[in-house]
Amino acid sequence: PSHEQSIFGSFCLSVLQNRRCIPFDSSIPTAFSADCPSNLYLYSAELEAFDSIGNFHKVSQSLKHIGVSDEFLLALGVRKSVAIDFLFSKLDTLQWSSDPKPLIEYLRTATLTPKDISKLKSTQYLPCENDVSRMFAPYELYLPDRDLRIFPFLRLLQWPSQDEITERSQNGRFLVGLGMKVLPPLIEILRFASDQVSENKMRIQCLEYV
């Protein structure tokens, strides 16, 4: 029964959480061949985006072959994803200034708490097109869109040009959920258009957008 599984899992955690009891696979020679559960990740964890900041060990594939389930490993304290606090402490080290896609895709599939979501909404960690002065929070940016590039007063998310992102795409929906904007205020567009006294072409483009 599930409640007995939970009790058994808690007991195993209390006994094993501080012991090097779980073997891991590593391509680099290490002092130990096993580690504490909380220092390891599931075999299925996507960690390639973090190769530049250290070695993250996954539990040995041999455990999978003998039938040790993800659920049991999680009950012991094995991690499913990189801790958000650790991730934010390494933002300066990771190279996402021109391509935040690996970060966004990781965050989108990670298990996030309400506290994590709140932090992701307010922290400045995303790059902006044509502005390298600093990083930006999601609510300060707009999803990149070809039509929006005629408005110089809008800050668009820096995103790989070959990869389309829209409010209907998985990454786009995730970013909009964090507060990223899609449509600029109508009054700002009209005010900008009215200022283009000598730029008839620009004014027509603005009105076409409206």
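So, a few notes on the structure that sits alongside this text. (Residues numbered from 1 in each chain as written. Predicted model: local features only at pLDDT ≥ 70, side-chain atom pairs only at ≥ 80, totals over all residues. Heavy atoms only, no water.)

## Some thoughts on the overall build of the protein
Here is step 1 of the chain: Scanning the protein from terminus to terminus reveals nine helices and five strands.
Here is step 2 of the chain: Taking 17 Å as the expected radius of gyration for a compact globule of 210 residues, we find that the protein reaches 23 Å, considerably beyond that expectation.
Here is step 3 of the chain: With the C-alpha coordinates aligned to their principal axes, the bounding extent of the protein is approximately 75 × 40 × 25 Å.
Here is step 4 of the chain: Across the 210 residues of the protein, 35% fall into the buried class.
Here is step 5 of the chain: As presented, the protein carries roughly 12900 Å² of accessible surface, and 51% of it is formed by carbon and sulfur atoms.
Here is step 6 of the chain: Taken together, the 22 basic and 25 acidic charged side chains of the protein have centroids lying 3 Å from each other. (Helix = DSSP H or I, 4+ residues; strand = E, 2+ residues; numbered from the N terminus. Rg over C-alpha atoms; globule rule 2.2 N^0.38 Å. Buried < 20%, exposed > 50% of the residue type's maximum accessible area, 1.4 Å probe, protein only. Areas by Shrake-Rupley, 256 points an atom, 1.4 Å probe, with all protein chains shown as cover. Lys, Arg positive; Asp, Glu negative; His and termini not counted. Charge placed at Lys NZ, Arg CZ, Asp CG, Glu CD.)

## What to know about the pattern of salt bridges
Here is step 1 of the chain: Scanning the model with the defined rule gives four salt bridges in all.
Here is step 2 of the chain: A salt bridge links D35 to R20, with the nearest nitrogen and oxygen atoms 3.1 Å apart. You can see D35 sitting in strand β2 (residues 34–35) and its partner R20 sitting in the loop between α1 (2–16) and β1 (22–25), a full 15 residues away along the chain.
Here is step 3 of the chain: Note on R20: relative accessible area 45%, which makes it partly exposed.
Here is step 4 of the chain: When the shortest N-O distance is used, the salt bridge between D131 and R155 registers 4.0 Å. Here D131 is found in strand β5 (residues 131–136), whereas its partner R155 is found in the loop between β5 and α7 (170–177), with 24 residues between them in sequence. (Salt bridge = Lys/Arg side-chain N within 4 Å of Asp/Glu carboxyl O.)

## Details of the sheet that holds strand β3 (residues 58–59)
The strands that make up a sheet pair up through hydrogen bonds in the backbone, lying either parallel or antiparallel.
Here is step 1 of the chain: Pairing within the open sheet is antiparallel, and its three strands lie in the order β2-β1-β3. A strand with exactly one partner marks an edge of an open sheet, and here the two such strands are β2 and β3.
Here is step 2 of the chain: Sheet topology note: the β1/β2 ladder contains two bridges and is antiparallel. Its bridge partner being in β2, P23 is matched across the sheet by A34. (Pairing = 2+ DSSP bridges.)

## Overview of the packing of helix α8 (residues 186–195) against helix α9 (residues 200–209)
Here is step 1 of the chain: Here α8 crosses α9 at 160°, and the two axes come no closer than 8 Å. Between α8 and α9, the crossing angle belongs to the class labelled roughly antiparallel. For the crossing formed where α8 meets α9, the hand is left-handed. Residues I189, F192 and A193 of α8 form the contact with α9, whose participating residues are M202, R203, C206 and Y209. (Axes fitted to C-alpha atoms, helices over the stretch in contact; angles between N-to-C directions. Parallel < 35°, antiparallel > 145°, perpendicular 65-115°, else oblique. Left-handed = near helix turned anticlockwise from the far one by under 90°. Contact = heavy atoms within 4.5 Å.)

## A short note on the pairing of β5
Within a regular strand, the side chains alternate between the two sheet faces.
Here is step 1 of the chain: The pairing of strand β4 (residues 126–128) with β5 spans two bridges and is classified as antiparallel. The residue of β5 that forms the bridge with C128 is D131.

## Some details on a nonpolar patch on the surface
Here is step 1 of the chain: Taken together, the side chains of F8, F11, V15 and F72 make up a nonpolar region of the molecular surface, amounting to roughly 380 Å² of accessible area.
Here is step 2 of the chain: Per element, the largest residue contribution to the nonpolar patch is three residues, and it comes from α1.
Here is step 3 of the chain: The class of F8 is partly exposed, set by a relative accessible area of 47%. (Patch = residues over 30% accessible without salt bridge, like charges linked within 9 Å, V, L, I, M, F, W, Y side chains within 5 Å.)

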